[in-house]
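Examination of the molecular architecture
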Amino acid sequence: MELLAAAFNAACAVDHDSSTSESDARDSAAGHLPGSESSSTPGNGATPEEFPALADSPTTLTEALQMIHPIPADSWRNLIEQIGLLYQEYRDKSTLQEIETRRQQDAEIQGGADGCPSSEEAPEEDEGEEEEEPASPPERKALPHICLLSNPHSRFNLWQDLPEIQSSGVLDILQPEEIRLQEAMFELITSEASYYKSLNLLVSHFMENERLKKILHPSEAHILFSNVLDVMAVSERFLLELERRMEENIVISDVCDIVYRYAADHFTVYITYVSNQTYQERTYKQLLQEKAAFRELIAQLELDPKCRGLPLSSFLILPFQRITRLKLLVQNILKRVEERSEREGTALDAHKELELVVKACNEGVRKMSRTEQMISIQKKMEFKIKSVPIISHSRWLLKQGELQQMSGPKTSRTLRTKKLFREIYLFLFNDLLVICRQIPGDKYQVFDSAPRGLLRAEELEDQGQTLANVFILRLLENSDDREATYMLKASSQSEMKRWMTSLAPNRRTKFVSFTSRLLDCPQVQCVHPYVAQQPDELTLELADILNILDKTEDGWIFGERLHDQERGWFPSNMTEEILNPKIRSQNLKECFRVHKMDDPQRSQNKDRRKLGSRNRQ
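Residues numbered from 1 in each chain as written. Predicted model: local features only at pLDDT ≥ 70, side-chain atom pairs only at ≥ 80, totals over all residues. Heavy atoms only, no water.

**A closer look at the overall build of the protein**
Scanning the protein from N- to C-terminus turns up 22 helices and 13 strands. Here the protein holds 617 residues, and 53% of them are scored as buried. For the protein, restricting intrachain contacts to residue pairs at least 6 apart in sequence, the fraction spanning at least 24 positions comes to 70%. In the structure as shown, the protein presents an accessible area of about 29100 Å², 50% of it carried by carbon and sulfur atoms. (Helix = DSSP H or I, 4+ residues; strand = E, 2+ residues; numbered from the N terminus. Buried < 20%, exposed > 50% of the residue type's maximum accessible area, 1.4 Å probe, protein only. Contact = heavy atoms within 4.5 Å. Areas by Shrake-Rupley, 256 points an atom, 1.4 Å probe, with all protein chains shown as cover.)

See the structure below:
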């Protein structure tokens, strides 16, 4: 044990010069109180005279890791087979744990927490000013963990709770940030195993059911299950490589290099699957409504204990959930690797490739639904002015709805006017505004239009109840090539602000955007999932962190999600505010690191790695 400890301390002295400030946090992670380090374990100040074995010990962390025995293949496979959580259960438990951890941090709960803190929590040792207080309460509760463990029947363990880890003694040697990193990588591996288990159940229990095959027409089955076999095959190979990496050494060297390779070369199967989502959902609903045999069989299959009470729809959406979650797991790893290290480079590469895959998945879904929507809108429009072609591959709907236009000349606008306002209907596209009046037959008569870039919106100062929620819309160049002004009234304050934000997206908001790189900004975390009902709304997942850009008195927030910078409106009662400025600042710092642009040096290093890889081949 002393030889092993001496080897690790010698390596850590070379590779982790800044690790001494983290000793108290590491003691907490390993189950020690500050100052209670065992005297049998040499500290960073050990010398060859005190420990003769140190003179012949390895000089790098890699060489030191080679002294740790690999985890037996049978032991690892047994761990995978014992996973008791379906991916849907894992995902729910993980996100709920993250929410609870942030609540504890925000409330500055002292001492140990009930349950494991979240792997989303930021390392606080990176900043110089925070290194001066390594034993402060917020840092003391920064214990490494994996988020799968609330269910005692899951037989999941933390990486640090594995028998092989406990018996090896590495927890007495590794620095706390390395333990957190190990837990983050371990979560990626074990969650992939849980995901594969759920995919396998989708295929074996539902897709390959003989009775279901007889009920479904081949075309219906193809739309419903798409290329899920290809997705499962890729997941199986991906998991196999992750397993091999785990078997190499109980201290995991890296996983992001594997993620990068699969994201770049194999994850296109996710794009194909997710792009079919619109047709898949429609077909599933039609089958439930129109085929009683399908409806009855699916209900029967869902009652099987293997499904844990989960519906077929929760299995069908698994690939999209997994590819987005995988990006967040890589972000977790990226927050914990050493800056300017090779592992940071592979994590950044993996994250960038995953972002491309997720973006392509989102675009695939949007393209399908947008095309149908644009065709439907075009059919409903009748032009009183010169016709404007609505359907375009580069055009999509941002917002539509009814507003009230103030009628009559400006001098005659009085509260005694019989009809001060009259209804108009707006279709706002990403590049065009179309102003209509609704006419019988679910049709819309177009009487004005303007390019979106030539719109200006400003709020009208409060002029009493009748003119509340009124704003001015200026068309700098309308369909008649002249300037036009409309005074419009919305049904509520939130609706007014939502229209103004959509009509003039560069208008200054109440709060500052994440991209301004301020170190503090009002933030919320999602505590109830929310599905967007309008194009200008943002779908929220549990544990999402968002910057508040604007908010209304009637309960709506315009926010920017930190992990992907997507913006939109959502109800404030779906979230709760993060009050601790230190936590808010740390959330922003983490995002700056995850989304930082490639610097020239990193690009050169990446090119060298690619060249070296080609030469080895």
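**Focus on the packing of helix H18 (residues 318-334) against helix H19 (residues 342-380)**
Between H18 and H19, the least distance of the axes is 9 Å, while the angle of their chain directions is 155°. With respect to their mutual orientation, H18 and H19 come out roughly antiparallel. The two elements H18 and H19 cross, and the hand of that crossing is left-handed. Listed contacts from H19 to Phe-320, Ile-323, Thr-324, Leu-326, Lys-327, Val-330, Gln-331 and Leu-334 of H18 are Glu-344, Ala-347, Leu-348, Ala-350, His-351, Leu-354, Glu-355, Val-357, Val-358, Cys-361 and Asn-362. When the residues that make up the contact of H18 with H19 are grouped by side-chain class, the tally is 12 nonpolar, four polar and three charged. (Axes fitted to C-alpha atoms, helices over the stretch in contact; angles between N-to-C directions. Parallel < 35°, antiparallel > 145°, perpendicular 65-115°, else oblique. Left-handed = near helix turned anticlockwise from the far one by under 90°. Nonpolar A, V, L, I, M, F, W, Y, C, P; charged D, E, K, R; others polar.)

**Details of the pattern of salt bridges**
Going through the model one piece at a time under the given rule, you end up with 29 salt bridges. Between Arg-593 and Glu-344 there is a salt bridge; the shortest N-O distance is 3.2 Å. Of this pair, Arg-593 sits in helix H21 (residues 581-594) while Glu-344 sits in helix H19, and the two are 249 residues apart along the sequence. The pair Arg-593 / Glu-344 is uniform in exposure class, with both members buried. Glu-537 is the partner of Arg-498 in a salt bridge, and the nearest nitrogen-oxygen pair spans 2.8 Å. Separated by 39 residues along the polypeptide, Arg-498 in helix H20 (residues 493-503) and Glu-537 in the loop between strand S9 (523-526) and strand S10 (545-551) bring together distant segments of the chain. One exposure class covers both Arg-498 and Glu-537, and it is buried. Three or more residues joined by partner-sharing salt bridges are found here, namely Lys-399, Glu-495, Arg-498, Asp-536 and Glu-537. (Salt bridge = Lys/Arg side-chain N within 4 Å of Asp/Glu carboxyl O.)

**Details of the pairing of strand S7 (residues 470-475)**
Most of S7 is tucked away: five of the six residues are buried. Of the pairings in the sheet, the one linking S7 to strand S8 (residues 484-489) comprises six bridges and is antiparallel in character. Directly across from Arg-474, in S8, lies its bridge partner Thr-485. (Pairing = 2+ DSSP bridges.)

**Here we look at the nonpolar core**
Core analysis: the biggest nonpolar cluster contains 78 residues, and Trp-159, Leu-188, Phe-206, Phe-225, Phe-238, Phe-267 and Ile-333 have the highest contact counts within it. In terms of residue count, the dominant contributor to this core is helix H9 (residues 176-207) (15 residues). Contacts of Phe-206, omitting those with residues within four sequence positions, involve Leu-201, Leu-212, Phe-225, Ile-298, Leu-301, Glu-302, Cys-307, Leu-312 and Phe-315. Listed in part, the 23 residues of the second largest apolar core include Leu-398, Leu-403, Ile-435 and Met-500. (Core = buried A, V, L, I, M, F, W, Y, C linked by side-chain atoms within 4.5 Å.)

Taken by themselves, the reported measurements are silent on function.
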